[in-house]
Amino acid sequence: MSRVVVIGAGLAGLVAANRLAEVGVQVVLLHKGLGGLQLGQGTIDVFGYAPERVFNPIKAVGSVATTHPYTAIGGKAVLTGLDYLKKLLPELLLGDPESNYQLPTAVGAIRPTCLAQPSMIAGHVTDGAKLVIVGIRGLKDFQPQLIAENLARTPLPDGGRLRARHLWVDVPARDGEIDSSGLTYARAFDDEDFRVRFAKAVVDQLREDEIVGLPAVLGLKDLHAWRDLAGKLAHRVFEIPLPPPSVPGLRLTEALTARALAAGVRIVPGVRTVRYASSGDRVTSVTTAAGLGGRGYAADAFLLATGGFESGALNLDSHQVVRETLFDLPLAGLDQTPLIHGEYWGPEQPLFKVGVAVNPKMQAVDAAGIPVFANLYAAGGIIAGASGWTEKSGDGIALASAIVAAAAISKELA
Amino acid sequence: MRKLAVDVVVIGGGSTGAGVVRDVAMRGFSTVLVERADLGQGTTGRFHGLLHSGGRYVVSDPESARECASENEILTRIQAGAIESTGGYFVTCPGDDPTFADKFLAGAANTGVWAREVSVAEALRNEPRLNPGISRAIEVRDGTVDGWKLVWGAANSARHYGAQILTYHRVTKIETEAGRVTAVRCTSLRSGEEVLIECDFVLNCAGPWAGQIAAMAGAHPVEVVPGRGIMIAMNHRLVNRVVNRCIYPADGDILVPAHTVSIIGTTDVKVDDPDNLAIEAHEVQQMLDAGEVLIPGFRNSRALHAWAGARPLIKDDRVAVSDTRHMSRGMAVIDHTTRDGLDGMLTIGGGKLTTYRLMAEHIVDAMCDKRGEHRDCRTDAEPVPGSESGRTHLVSDRLHDREHDRFDEQIICECELMSRKMFTDALASQPAGSFDDLRRQLRLGMGPCQGGFCSVRATGIALDAGHLDSERANGLLRLFLKNRWIGLWPILYGDQVRQTALDNWIFQGTLDVEHLPQPTSEVVL
Ligand SMILES: Cc1cc2nc3c(=O)[nH]c(=O)nc-3n(C[C@H](O)[C@H](O)[C@H](O)COP(=O)(O)OP(=O)(O)OC[C@H]3O[C@@H](n4cnc5c(N)ncnc54)[C@H](O)[C@@H]3O)c2cc1C
Ligand SMILES: Cc1cc2nc3c(=O)[nH]c(=O)nc-3n(C[C@H](O)[C@H](O)[C@H](O)COP(=O)(O)OP(=O)(O)OC[C@H]3O[C@@H](n4cnc5c(N)ncnc54)[C@H](O)[C@@H]3O)c2cc1C
């Protein structure tokens, strides 16, 4: 049986590992920590701004510049990926590739995203809706007045308006604790008794027809906790994602990890991959920093899904040299100088578009388009050419490039 | 137009102005301080943080050395809360002239600056990250000082003695009549209101802007030569004492542990405009190289933030204008009567933050002389509000405080251990303040995450506290992020790039801050 090493456990690494394992490939997933998926907003973005607000994400994918990763990835892989995730995680992801949800954020902006968790959908903004944003005193990352007032004064993407007010409740996640993380609250919401107490504190303050916006902490293990709470409140409720730690992000990461393990992926957590060995035009093994001299993993193909600057996959050193930190791969985007400029609210910093160039098989290529190694593939944030956070395209690129890479690898090994 | 009438107007709310207004008020004059921005927003908020022992000047400038030594002692008494008595070392690094240490010790003996040579082993034991190749180490009584706390302490003391403090008021004109100053005109930058302050004396403490102020009174130009210096804050305290190279003063020869960071500096380049201070890439490299000499591996630690300040040196014909480091740091009080035939105004230039109290004493003495009256200076005798206990600051103070209130108070800025109450109290005392104004008092957003986690909380809490509406709240958030970036992008590398990418994922990815309703006009203060 052929063997593949996937490096990185973000969305790209987890999806690729699942896809490969499902077709019978023996997969080893090495990661030094869980990726951005568990820190992010817990939805699947495909395209949110191009740079104007995007309503039909799959259409936007089809009209990107040639330097954008979606050009090599292609819209078909995006559709395959979205369909795959919806089927793999039906309790966690809903949505339509041709239509973005427009969901409130924890500062009260209205953010486009493609697939969202069922617990978030009622937040999709509509003309005339009446929202009440409920803050919890013990949870400082959710400031309901800011959210409500910003939502109320924002013209909706399709022209309408909504009404929003806020209220506070004081229900500690744990007795005597006044400064709890979202995670602590999520664990509390897993518990029915807590939900009863919470509902009691809120229900009398609700007005007819109001949709209740809450921090995205409505249960971690119990994926129906939000629905149960909605029933207890007899109102529609929706979750608004918080900065890390992100409960919706954790739900996705845990679900994808569980599926991968069930499919037979061997996950080696908490290890940093530090070097590789090659022979001719092939990578033969990678080595992790474990014990003396490290531990080697040989394989037939390797997928680099190590993310971007945030995960340390790319590094800008103090002498202003940018490197891909594992294979020292050639980088694209370095010609856009200066890489960093002083305007915070200005154009995207060119540095953050630097990355590895790929061909339509997701092999890492050099400036001439030649694969650096025949069996080295790349997926996700490591790929050059996108501004994931401004476009809201990070998840879509990670997902679809993983789909393409997994398909190319299994074809190559077959 | 609003009208006020006082004896003395003090212009400039840096350390000098704050010290002067305190001294003036303590001597019983009625007085107003006018500052165009917030207190400590000029040079005083862009300095190195070193409370000099005098060691730096024992060879190059014995007079300054003496002044520093005695002021250091006084400030440690009267402004204990702003000072951390870290102690310091002067070390001879590989390649440095080892005989300078002998000159240093002789100079110290000569000027009364406390100094003691210690063994290299002892120095390395106390500061294990120091370059193991150092050949000599001299212990001194350097400390670190929080310039903002110092200024607020002096200003609060002045208020206690009846002084008024007008921040965000820009002086636009100094009125004169028959060769005498009669009033100061200023404009409120928040409301646009004109304020006319009648007075019979103006003390110009505008630091590098002192020349501009003198010109407003029609005086002959006072030539100020702003000497720009850059500093970089590195994450963590790489050292717990101030570490100086034991050489003739040069660039990048001091590392100062201040609060949770260590600051390397500085440079000295003549510039024309104190409002326009660049942080050049080559100077950043120069500082990192200099850091490497003191602390091997310096470049591998994380640079958090950079800033630049301009030394308010008054031109001194004895040295070339391009070489500001070797101009006297000694203070100069300019008497506009003899110089310009203008009565009722004095300008002060030069000096150091460490000697701010002494500078104030000199200029207020000079004013009393000109008024023909004698009133004693008492600023050295009485601690400022908040420093009464005489207990100096420790880096662990906040941890200690949070240990005590953690069951009652949320921590809003984890990096700097700022509690919710600290924030809401500061906000209540400065309800029109920007988050940067609050930052200077609270260190909000000054740690490793550079505002990544705390700034949205701060925005929501400020709105919740009822001091502003959501449009201004968003505007303040935008302004805060923009301002943090000024000090970030010039030093962005390594882990701070990681942090920036994470912050971008949070602000733009998760929160979509850019797509909040755009303010009708950008908030600027
Ligand atoms: C790079 C550098 C490092 C330094 N490091 C140290 C150190 O480690 N230790 C030390 O003791 N000293 C140090 N110094 C010196 C010390 O910082 C300064 O001497 C001191 O801060 C000067 O204070 P000031 O009040 O005179 O000037 P400033 O702090 O600049 O105050 C002048 C004020 O005038 C205001 N102003 C200007 N124009 C107007 C107007 N039209 N209307 C109203 N207000 C106006 C400005 O906004 C400003 O706040 C350093 C200086 C520099 C440049
Ligand atoms: C706070 C936050 C908010 C976000 N918000 C959004 C959002 O709003 N919209 C959006 O589209 N995306 C968002 N993302 C990003 C998104 O979820 C993806 O993380 C990103 O697009 C890249 O995915 P990835 O799988 O390629 O890499 P990552 O998710 O970064 O995962 C990289 C993986 O590689 C591992 N790794 C790296 N180097 C090594 C090594 N040498 N050895 C072993 N393992 C290694 C890491 O431990 C990690 O498991 C956010 C991310 C963060 C952090």
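Residues numbered from 1 in each chain as written. Chains lettered and ligands numbered in written order. Predicted model: local features only at pLDDT ≥ 70, side-chain atom pairs only at ≥ 80, totals over all residues. Heavy atoms only, no water.

## Brief notes about the overall build of chain B
To be explicit about the condition: Numbering of helices and strands runs from the N terminus; a helix is a DSSP stretch of H or I covering at least four residues, while a strand is a stretch of E covering at least two. C-alpha atoms define the radius of gyration in this analysis, and the globule rule sets the expected value at 2.2 Å times the number of residues to the power 0.38. In this scheme, a residue with accessible area under 20% of its type's maximum is buried, one over 50% is exposed, and one in between is partly exposed, where area comes from a 1.4 Å probe on protein chains only. Contact criterion: two residues are considered in contact whenever any of their non-hydrogen atoms come within 4.5 Å of each other.
Secondary structure summary: chain B contains 15 helices and 24 strands in total. Taken over C-alpha atoms, the radius of gyration comes to 23 Å for chain B, in line with the 24 Å a tight globule of 525 residues would show. The C-alpha extent of chain B, read off along each of the three principal axes, is 65 × 65 × 45 Å. With 525 residues in all, chain B has 62% of them scored as buried. Across chain B, the fraction of contacts at a sequence separation of at least 24, relative to all contacts at a separation of at least 6, is 72%.

## As for the site of ligand 1
All names here are of chain B. The test is simple: Neighbouring residues are identified by heavy atoms, a residue being near a molecule or strand if any of them is within 4 Å of it. What qualifies as a polar contact is a pair of N or O atoms within 3.5 Å, subject to a donor-acceptor requirement within protein and to the restriction that residues adjacent in sequence count only when both atoms come from side chains. Throughout, the ten residues Ala, Val, Leu, Ile, Met, Phe, Trp, Tyr, Cys and Pro are labelled nonpolar, Asp, Glu, Lys and Arg are labelled charged, and all others, Gly among them, are labelled polar.
Around ligand 1 sit 36 residues, and of these Thr-16, Glu-35, Thr-43, Thr-44 and Thr-354 come closest. In the environment of ligand 1, an oxygen atom lies 3.2 Å from a nitrogen or oxygen atom belonging to the backbone of Ser-15. One of the backbone nitrogen or oxygen atoms of His-48 is found 3.2 Å away from a nitrogen atom of ligand 1. Elements represented by at least two residues in the shell around ligand 1 include exactly α1 (15-26), β11 (169-177), α6 (210-216), β15 (224-235) and β20 (303-314). In terms of residue class, the shell around ligand 1 is built from 13 nonpolar, 18 polar and five charged.

## Things to note about the sheet that holds strand β4 (residues 50-51) of chain B
One key point about sheets: their strands pair by backbone hydrogen bonds, in either a parallel or an antiparallel sense. So the rule is basically this: Each pair of strands is called paired provided DSSP finds at least two bridges between the two strands.
Pairing in this open sheet of three strands is antiparallel, and the strands run β4-β9-β5 (chain B) from one edge to the other. Whereas interior strands pair on both sides, the edge strands pair on one side only; in this sheet they are β4 and β5 (83-84) of chain B.

## Considerations on the site of ligand 2
All names here are of chain A. Ligand 2 sits among 38 residues. The nearest are Gly-33, Gly-36, Asp-45, Arg-111 and Thr-273. The separation between an oxygen atom of ligand 2 and a polar side-chain atom of Asp-395 is 3.1 Å. Among the residues making up the shell around ligand 2, the classes are represented as 16 nonpolar, 17 polar and five charged.

## Focus: the packing of aromatic side chains
Defined as follows: Centres within 6.5 Å are what make two rings of Phe, Tyr or Trp a pair, Trp counting through its six-membered ring; a difference in plane orientation under 30 degrees is then read as stacked, over 60 as edge-to-face, and the rest as tilted. Each ring is checked for a lysine NZ or an arginine CZ that lies within 6 Å of its centre and within 35 degrees of its normal; such an atom marks a charge sitting over the ring.
Under the defined criterion, the tally for this structure stands at 15 aromatic pairs over all chains. Relative to Phe-352 of chain A, the ring of Phe-309 of chain A lies with its centre 5.6 Å away and its plane at 85 degrees, an arrangement referred to as edge-to-face. Here Phe-309 of chain A is found in the loop between β15 (301-304) and β16 (314-316), whereas its partner Phe-352 of chain A is found in the loop between β17 (322-324) and β18 (357-358), with 43 residues between them in sequence. Comparing Phe-309 of chain A with Phe-352 of chain A, the two get one shared label, buried. Among the aromatic side chains, those forming a connected cluster through ring pairs are Tyr-185, Phe-189, Phe-194 and Phe-198 of chain A. Sitting above the plane of the Phe-29 of chain B ring, Arg-375 of chain B keeps its charged end 3.8 Å from the centroid.

## Considering the domain arrangement of chain A
For clarity, the threshold we go by: Domain start and stop points were drawn from an automatic or database domain assignment.
The assigned domain composition of chain A is domain 1 (3-43 + 65-75 + 266-413) and domain 2 (121-240). On a C-alpha basis, the centres of domain 1 of chain A and domain 2 of chain A stand 37 Å from each other.

## Comments concerning the environment of Ser-30 of chain B
All names here are of chain B. Structurally, Ser-30 can be placed in the loop between α1 and β3 (31-34). As a C-alpha pair, Ser-30 and Val-9 span 21 residues in sequence and 8.8 Å in three-dimensional space. Leaving out residues up to four positions away in the same chain, Ser-30 has contacts with Val-6, Asp-7 and Val-8. At a separation of 2.9 Å, a polar atom in the side chain of Ser-30 contacts the main-chain amide nitrogen of Asp-7.

## What to know about the pairing of strand β2 (residues 26-34) of chain A
All names here are of chain A. Applicable threshold: A clockwise path from the first strand over the helix to the second, with the strands pointing away from the viewer, defines a right-handed crossover.
In this structure, strand β1 (residues 3-9) lies alongside β2, joined through six bridges in parallel fashion. In the sheet register, Ala-9 faces β2, and the bridge partner there is Leu-34. Tracing the backbone out of β1, into helix α1 (residues 11-22) and back to the parallel element β2 gives a crossover that is right-handed. Looking at chain direction, β2 and strand β11 (residues 266-268) are connected through three bridges and run parallel. By the bridge assignment for β11, Leu-29 is matched with Ile-267.

## Looking at the interface of chain A and chain B
The test is simple: When two parts are put together, the accessible area they lose, computed with a 1.4 Å probe and summed over both, is reported as buried area. For this analysis, a salt bridge means a side-chain nitrogen from Lys or Arg found within 4 Å of a carboxyl oxygen belonging to Asp or Glu.
Listed by partner, the interface residues are 58 residues for chain A and 51 residues for chain B. When chain A packs against chain B, close to 4,700 Å² is buried across both sides, 59% of that on carbon and sulfur atoms. If you sort the residues of chain A by the area they bury against chain B, Tyr-344, Trp-345 and Trp-389 of chain A come out on top, with a joint share of 17%. Arg-457 of chain B is paired through a salt bridge with Asp-141 of chain A; the nearest N and O atoms lie 2.7 Å apart. Linking chain A with chain B are 25 residue pairs in polar contact (both at pLDDT 80 or more). Within the residue set of the side of chain A that touches chain B, elements represented by two or more residues are β5 (110-113), α5 (144-152), β16 and α10 (388-391) of chain A. Per-class residue counts for the side of chain A that touches chain B are 23 nonpolar, 22 polar and 13 charged.

## Digging into unusual backbone geometry
Following Ala-50 of chain A, the chain continues into Pro-51 of chain A via a peptide bond in cis, with omega recorded as -10 degrees. Following Pro-244 of chain A, the chain continues into Pro-245 of chain A via a peptide bond in cis, with omega recorded as 0 degrees. Structurally, the position occupied by Pro-245 of chain A is in the loop between β10 (237-240) and α9 (247-262). The phi angle at Ala-178 of chain B is positive, at roughly 50 degrees, despite the residue not being glycine. With respect to the secondary-structure elements, Ala-178 of chain B resides in the loop between β11 and β12 (180-188). Residue classification places Ala-178 of chain B among the exposed residues on the basis of a relative accessible area of 84%.

## What to know about the packing of helix α11 (residues 420-429) of chain B against helix α13 (residues 454-464) of chain B
Residue and element names in this part refer to chain B. What counts is decided by this rule: In this description, a line fitted to the C-alpha atoms serves as the axis of each element, helices being fitted only across the stretch in contact, and the angle between N-to-C directions of two axes falls anywhere from 0 to 180 degrees. If an angle is under 35 degrees, it is roughly parallel; if it is over 145, roughly antiparallel; if it lies from 65 to 115, roughly perpendicular; otherwise it is oblique. Each helix crossing is assigned a hand: it is left-handed if the near helix lies turned anticlockwise from the far helix by less than a right angle, otherwise right-handed if that turn is clockwise.
With their axes 11 Å apart at the nearest point, α11 and α13 run at an angle of 55 degrees to one another. Taken together, α11 and α13 sit at an angle that is classed as oblique. For α11 against α13, the interelement crossing comes out right-handed. Contacts between α11 and α13 involve Arg-420, Phe-423, Thr-424 and Leu-427 from the first element and Ala-458, Ile-461, Ala-462 and Asp-464 from the second. The residue inventory of the contact of α11 with α13, partitioned by class, reads five nonpolar, one polar and two charged.

## Digging into helix α7 (residues 192-203) of chain A
What counts here: Between the first and last residue of a helix there are one fewer steps than residues, each counted as 1.5 Å, and that sum is the expected span.
Between its terminal C-alpha atoms α7 of chain A stretches 16 Å, which fits the 16 Å expected from twelve residues at 1.5 Å a residue. On its buried side, α7 of chain A packs onto β7 (130-136), β8 (163-169), α6 (182-189), β9 (211-215) and α8 (225-233) of chain A.

## Focus: the sheet that holds β1 of chain A
All names here are of chain A. The strand order across the open sheet built from five strands is β11-β2-β1-β15-β20, with neighbouring strands paired in parallel fashion. Looking at strand neighbours, the two that pair on one side only are β11 and β20 (376-378), the edges of this open sheet. For this sheet, the mean inter-axis angle between neighbouring strands, taken without regard to orientation, is 20 degrees. Pairing of β1 with β15, which is carried by four bridges, proceeds in the parallel orientation. What sits directly across from Val-6, in β15, is Leu-303. Against the sheet, α1 makes contact with β1, β2 and β15, and its axis sits at roughly 155 degrees relative to β1, the strand it touches most.

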